[in-house]
2 protein chains.
Amino acid sequence: MAAALAAARAAAAMGEVPVGAVITDSAGTIIATAHNRTRVDHDPTAHAEILAIRAAAKALGTDRLTGCTLTVTLEPCAMCAGAIAHARLTRLTYAAPDPKGGAIEHGPRIFTQPTVHHRPEIITGVAEAEAAQLLRTFFTERR
Amino acid sequence: MAAALAAARAAAAMGEVPVGAVITDSAGTIIATAHNRTRVDHDPTAHAEILAIRAAAKALGTDRLTGCTLTVTLEPCAMCAGAIAHARLTRLTYAAPDPKGGAIEHGPRIFTQPTVHHRPEIITGVAEAEAAQLLRTFFTERR
């Protein structure tokens, strides 16, 4: 989670919403790190999770990330939860819950849907206070 | 929808699930066309809709596709529905329903969720038989 938080801080420094994500393989080695880049890339899909999944899949030469863990500083949205299912990620760890945009424990609760084709193990609350504070500071400074 | 169906046929010809998508601006001009490329690109996020949204946003130099229509041959999944909301697409037109993976009229029904931050106008059933036949033929040949 330390690497994901560092990526989130890098996002804030360039004016992007501070969310960072890391993908590790089954040995715990980091294979991809990313942060939000929607503004700078002109890409509405450029959430940290999507960019990390794309980078990890490219690095491994496969469209399945079985055995890998996605660690992200904020509860993923519906788009990212869907991508996690498509990528067959084995584990999802996230820090802060997101009552407005989250889709794991809020909103559509993607992994509780009967039609979802893959459910990762889910671990929540790791470094929650630090990740939430990053987001609060970012939005407070911009209001 | 003719251009989306042509893209879907191109996907099938290269062994990708035959789903095609087109984004048009408010004048009806095509600004992006794409089809599934998950296998060839080693990218689990490379659904037709995601690729079309990314290409259109890049072409327009913005992460918002307000005024644009996404036309796709199959009901979008949760990932793609989320991306449609993030991109602020004004209209979504799709051909065949997808009871297994769809997230518009099936599963999480993303645009009926109270927390969804954008709802496009939705038009369904255009060229439904032709789009569904493409998918049936593709999967029958591979079983």
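Note that the structure is a prediction, hence the values are computed from the model and not measured. (Residues numbered from 1 in each chain as written. Chains lettered and ligands numbered in written order. Predicted model: local features only at pLDDT ≥ 70, side-chain atom pairs only at ≥ 80, totals over all residues. Heavy atoms only, no water.)

All names here are of chain A. For helix α1 (residues 2-13), built from 12 residues, the straight-helix expectation of 16 Å at 1.5 Å per residue is met to within 8% by its first-to-last C-alpha distance of 17 Å. Every buried residue of α1 is listed here: A4, L5, A7, A8 and A11. When α1 is viewed along its axis, its buried side chains cluster within an angular range of 160° and face the same direction. Within α1, the exposed residues directed more than 90 degrees away from the buried face are A2 and A13. Once α1 ends, the next one or two residues include G15, with phi positive near 85°. (Helix = DSSP H or I, 4+ residues; strand = E, 2+ residues; numbered from the N terminus. Expected span 1.5 Å × (residues − 1). Buried < 20%, exposed > 50% of the residue type's maximum accessible area, 1.4 Å probe, protein only. Arc of directions from axis to C-beta.)

If you check UniProt for "binding site: Zn(2+)" (unreviewed entry), the listed places come out as H47, C77 and C80 of chain A in our numbering. These annotated residues cover 34 residues of sequence, and their C-alpha atoms all fall within 9.3 Å of one another, placing them together at a single site. Considering the arrangement of structural elements, one finds H47 of chain A in the loop between β2 (30-35) and α2 (48-60). Apart from the residues within four sequence positions on either side, H47 of chain A is in contact with N36, T38, C77, M79 and C80 of chain A together with H86 of chain B. One can find C77 of chain A in the loop between β3 (69-74) and α3 (78-86). Relative accessible area serves as the criterion here: at 11%, C77 of chain A is assigned to the buried category. Contacts of C77 of chain A, omitting those with residues within four sequence positions, involve H47, E49, G101 and A103 of chain A together with H86 of chain B. (UniProt positions renumbered as here; feature names shortened; annotations may be inferred. Contact = heavy atoms within 4.5 Å.)

Before going further, it helps to spend a moment on the relation of the copies chain A and chain B. For these two chain copies, the linking operation is a rotation about an axis paired with a shift along it. Once turned by 180° and shifted 0.0 Å along the axis, chain A lies on chain B with an RMSD of 0.0 Å. With respect to symmetry, the two chain copies, as superposed, fit the operation of a two-fold axis. Relative to the rotation axis, the C-alpha of M79 of chain A is the closest in chain A, positioned 1.8 Å from it. Comparing interface residues between copies, 97% of those in chain A also sit at the interface in chain B, which points to an isologous, same-surface contact. (Least-squares fit on C-alpha atoms with pLDDT ≥ 70 in both.)

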